[in-house]
Each structure stands twice: as structure tokens, then as C-alpha cells.
Amino acid sequence: MHIPVMLDECLEGLMTDPSGIYVDGTLGNGGHSAAILEQLEEGGRLIGFDRDLDAIERVNKKLKTGDGKRVELIHDNYANMAAQLDRLGIDQVQGLLLDLGVSSLQLDRSERGFSFQNDGPIDMRMDQTRGQTAAELVNTAEESELAHIIYRYGEDHASRRIARAIVEARAKVTIETTAQLAGIVERAKGGRKGKKIHPATKTFQALRMEVNDELASIEQVLEQMVARVAKGGRIAVLTFHSLEDRLVKHFFNRHGPREESLQQGGVRRIYEEPPVKWVWKKMKMASTEEQSINPRSRSAKLRVVEIGT
Ligand SMILES: C[S@@+](CC[C@H](N)C(=O)[O-])C[C@H]1O[C@@H](n2cnc3c(N)ncnc32)[C@H](O)[C@@H]1O
């Protein structure tokens, strides 16, 4: 089961025109998409993306109820969104939703290799039809590259120690399973020491982000879509850790109005084209009630911008 996070807040932030075209860049289990569809009236359309073929097949069964024109599902990286919209002959849309990261369905299936809680082969690719697996990465990358990835995407200060331990372990036997890798990282960090969070959590996050080139894809889709969301339309992004959230916040701040000091005193506002504006002054978090029901929502942050106002 994947419970859609901050569903009401996402809809409130995103939906401005019930007969518009909406894009869900991260279909997952289709929870947010189903709710968007429910709000759409005559003429409204939903275009959904996921890099995971399982997600496309699942949502296809769930949402495509014969009316082919209303829902279009695309198996691709959302980094290719503009080209895919071109292919469909769509120039502008009214809204884009991104619910970043992995779904509970991906985490729970041991054969996907995202989690050390469910032992399986270390795959971690969201799109299993292409690209390098995390097993290939941990067994072939240089020690310095592994340390760099774990530091950059996991922000783990023990990155060098972990990379050294991985390289030493793989010299004896190929690292194949998530439990094997979690054990290596745990030992390199001196055990659990009573901590609630497993010592391998940040390393797993880092490898997943590298294998799927996650931050670059987010930057690319935002860059394309600020130009493709119509005036008055919205972009809503749900992030789950600080690296994602910082990227999204800085991206929209860069595209918002800036102030320039004038020689004669005072300031002048300079607007990027198209200008974007925060819909809420601060990001929103899940209610305490939602956090108690759905642990995944505890780290969620929702940011929404409006285009061209
Ligand atoms: C958190 S889940 C979305 C859950 C969904 N909102 C729901 O309510 O069921 C994120 C989904 O986005 C997909 N995804 C992540 N990065 C992607 C990318 N760059 N391009 C396309 N899909 C991506 C993942 O495969 C995963 O299925």
C-alpha cells in the first residue's frame, strides 16, 4: 500500500482550473492522480509519468477506464517531459505535481533492492529497463568516487570510512544483497549504538540518488515546466529530504522576483521571465494526525508556486 502524502494540501495548492490539463510527474500508485481526476470536469485531462514500468501498469489498470483521451500515461523519466508533451501536441498545461522519491511499493519489494529492511539484490533502479544497478556501482566504482557519492547525496561524514569498507569487502566477495551492504556500512560506522535510524540509511539514499540521477532530473523538469505551465497555473512539489527541498526552494527563489539596489537609494524589483511566485509564504508539512497514520509523511515538505503573476 502506498498512501498519498498531503493529498488535500496538494490538491488545494495545485488545482486552479477543473477543465485544464494537469501533469502528475510521479504516478507511483496513482493516489494523487486519482484525486486530480476526480476534480477534473469536462475537457480536463491528466498526463502521468513514471520511470517505473510496474507503476505505469498498475495505474493503467486503476485509472484508464476506457476513456483514452482523458488520461495519458507515459513510461519515461520526467526529465523528458517537454519532449513528451511536444509529442502529444500539448504546448501549455495548468499544473504539475511532483511527489519525489520512491514509493512504498518500490521500497517494500525486496527484488527492487531499495531497502535493507527487505533483503534482496541491490538494484535500486526506478527504471529497470535501463541503466546501471547499484550493485554494479558498489562493485566497480573507485573508492574516491564512492566516498564522494556517499558524502554528496547522503551527507554522511563517515563517507570515506564507508567507501574504504566497501572496497575491502568486495575484494573478498562480490557485494550482491542489500543485507550484505547494510552490514558492511554498519560495521564501518561502529555498529548501531542504540540509534533509531539504521547507520546505512544515508548510504542507501546516496546510492539510489546516484543510480537514478535524481537531482539532475528534478532540475531539468522544473526548468522545462516553468516555461510550459500557463499563466496562473501552479507547480506543486513534495520533497522528502533536505537535498531535494533545498534544490526546489533555490530553484524557485532564482525564478522569483529579485531586488536591485538603486544608486539614488531604494530598490527595484526585477522579474524573471516567466516570473514565479510562492503561493504560501512557507512550505507546508503534514498534520500531526497524518504523521501518526503515515510515517512516510513525517519528512514531507510541500512547496507550491504560481506562474506568471
Ligand atoms: C513517491 S512515489 C509517488 C506516489 C504517488 N503520488 C501516489 O500517490 O501513489 C514516486 C514515484 O515517482 C517515480 N519517479 C521518481 N523519479 C522519477 C523520474 N525522474 N521520472 C519519472 N518518475 C519518477 C518513482 O518511480 C515512483 O513511482
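Owing to the predicted nature of the structure, the values given are computational and were not obtained by experimental measurement.

Re the overall build of the protein
- The number of helices and strands found in the protein is 13 helices and nine strands.
- Rg of the C-alpha trace for the protein: 21 Å, near the compact-globule value of 19 Å for 309 residues, within the 12% margin.
- Dimensions of the protein, computed from C-alpha atoms along their principal axes, come out at roughly 65 × 60 × 40 Å.

Focus on the domain arrangement of the protein
- Entries for the protein in the domain assignment read domain 1 (7-104 + 214-307) and domain 2 (128-211).
- For domain 1 and domain 2, the distance between their C-alpha centres works out to 31 Å.
- The interface of domain 1 with domain 2 comprises five residues on the first partner and four residues on the second.

Here we look at the nonpolar core
- Leu96, Val221, Met225, Ala236 and Leu238 are the most contacted members of the largest nonpolar core, which has 47 residues in total.
- With near-sequence residues (within four places) excluded, Val221 lies in contact with Gly25, Tyr78, Ala79, Met81 and Leu98.

Overview of the site of the ligand
- With respect to spatial proximity, 22 residues lie near the ligand, and among them Pro4, Thr26, Gly28, Asn29 and Gly31 are the closest.
- Secondary structure elements with two or more residues in the shell around the ligand: helix H2 (31-39) and strand S2 (45-50).
- In terms of residue class, the shell around the ligand is built from seven nonpolar, 11 polar and four charged.

Some remarks on unusual backbone geometry
- Although it is not a glycine, Glu155 adopts a positive phi angle of roughly 50 degrees.
- Although it is not a glycine, Asp213 sits at a positive phi angle of roughly 50 degrees.
- Position of Asp213 among the secondary structure elements: in the loop between helix H10 (201-211) and helix H11 (214-226).

Re the environment of Leu302
- With respect to the secondary-structure elements, Leu302 resides in strand S9 (residues 301-307).
- Sequence spacing of Leu302 and Phe240 is 62 residues, and the spatial spacing of their C-alpha atoms is 9.2 Å.
- Beyond its immediate stretch of four places on either side in the chain, Leu302 contacts Met6, Glu9, Cys10, Gly13, Ala236, Leu238, Met283 and Lys284.

Regarding the sheet that holds strand S1 (residues 21-24)
- In space, the seven strands of this open sheet follow the order S3-S2-S1-S4-S5-S9-S8, with mixed pairing throughout. Either end of the sheet is taken by a strand with one partner, and the two such strands are strand S3 (71-75) and strand S8 (276-278). Neighbour-to-neighbour, the strand axes of the sheet open up by a mean angle of 20 degrees, direction not taken into account.
- Sheet analysis places S2 next to S3, joined by five bridges and oriented parallel. Residue pairing in the sheet places Leu46 in a bridge with Val71 of S3.

A word on H11
- Between the first and last C-alpha of H11 there are 19 Å, a value that for 13 residues agrees with the 18 Å anticipated at 1.5 Å per step.
- The set of residues buried in H11 consists of Glu214, Ser217, Ile218, Val221, Leu222, Met225 and Val226. Projected onto a plane normal to the axis of H11, the buried residues spread over an arc of 150 degrees and lie on a single side.

Some words on the packing of helix H7 (residues 143-154) against H10
- One way to put it is that H7 packs onto H10 with a least axis distance of 8 Å and a crossing angle of 100 degrees. Between H7 and H10, the angle falls in the class roughly perpendicular. On the side of H7, the interface is formed by Ile149, Ile150, Tyr153 and Gly154, while H10 contributes Lys202, Thr203, Gln205, Ala206, Leu207, Met209 and Glu210.
- Per-class residue counts for the contact of H7 with H10 are six nonpolar, three polar and two charged.

Thoughts on the pairing of S1
- Both faces of S1 are covered, namely the face carrying Ile21 and Val23 and the face carrying Tyr22 and Asp24.
- The pairing of S1 with S2 spans four bridges and is classified as parallel. Looking at S2, one finds that Ile21 is bridged to Arg45.
- Where the polypeptide runs from S1 across H2 and back to S2, its parallel neighbour, the crossover connection is right-handed.

Section: the packing of helix H8 (residues 159-172) against helix H9 (residues 178-188)
- Contact pair H8 / H9: the axes reach a minimum separation of 9 Å and the direction vectors enclose 130 degrees. As summarised for this structure, H8 and H9 are arranged oblique, according to the angle between their axes. With respect to the hand of their crossing, H8 and H9 are arranged in right-handed fashion. Residues Arg161, Ile162, Ala165, Ile166 and Ala169 of H8 pack against Ile184, Val185, Arg187 and Ala188 of H9.
- Looking at the contact of H8 with H9, its residues break down into seven nonpolar, no polar and two charged.

Observations concerning H2
- Considered for burial, the residues of H2 that qualify are Gly31, His32, Ser33 and Ile36.
- The secondary structure elements touched by the buried residues of H2 are helix H1 (7-14), S1, S2, helix H3 (53-63) and strand S4 (93-99).

Each value, and the rule that gives it
Residues numbered from 1 in each chain as written. Predicted model: local features only at pLDDT ≥ 70, side-chain atom pairs only at ≥ 80, totals over all residues. Helix = DSSP H or I, 4+ residues; strand = E, 2+ residues; numbered from the N terminus. Rg over C-alpha atoms; globule rule 2.2 N^0.38 Å. Domains from an automatic or database assignment. Contact = placed C-beta atoms within 7 Å. Core = buried A, V, L, I, M, F, W, Y, C linked by C-beta atoms within 7 Å. Buried ≥ 20, exposed ≤ 12 C-beta atoms within 10 Å, placed from the backbone. Near = placed C-beta within 6 Å. Nonpolar A, V, L, I, M, F, W, Y, C, P; charged D, E, K, R; others polar. Pairing = 2+ DSSP bridges. Axes fitted to C-alpha atoms, helices over the stretch in contact; angles between N-to-C directions. Expected span 1.5 Å × (residues − 1). Arc of directions from axis to C-beta. Parallel < 35°, antiparallel > 145°, perpendicular 65-115°, else oblique. Right-handed = clockwise from strand over helix to strand, strands pointing away. Left-handed = near helix turned anticlockwise from the far one by under 90°.

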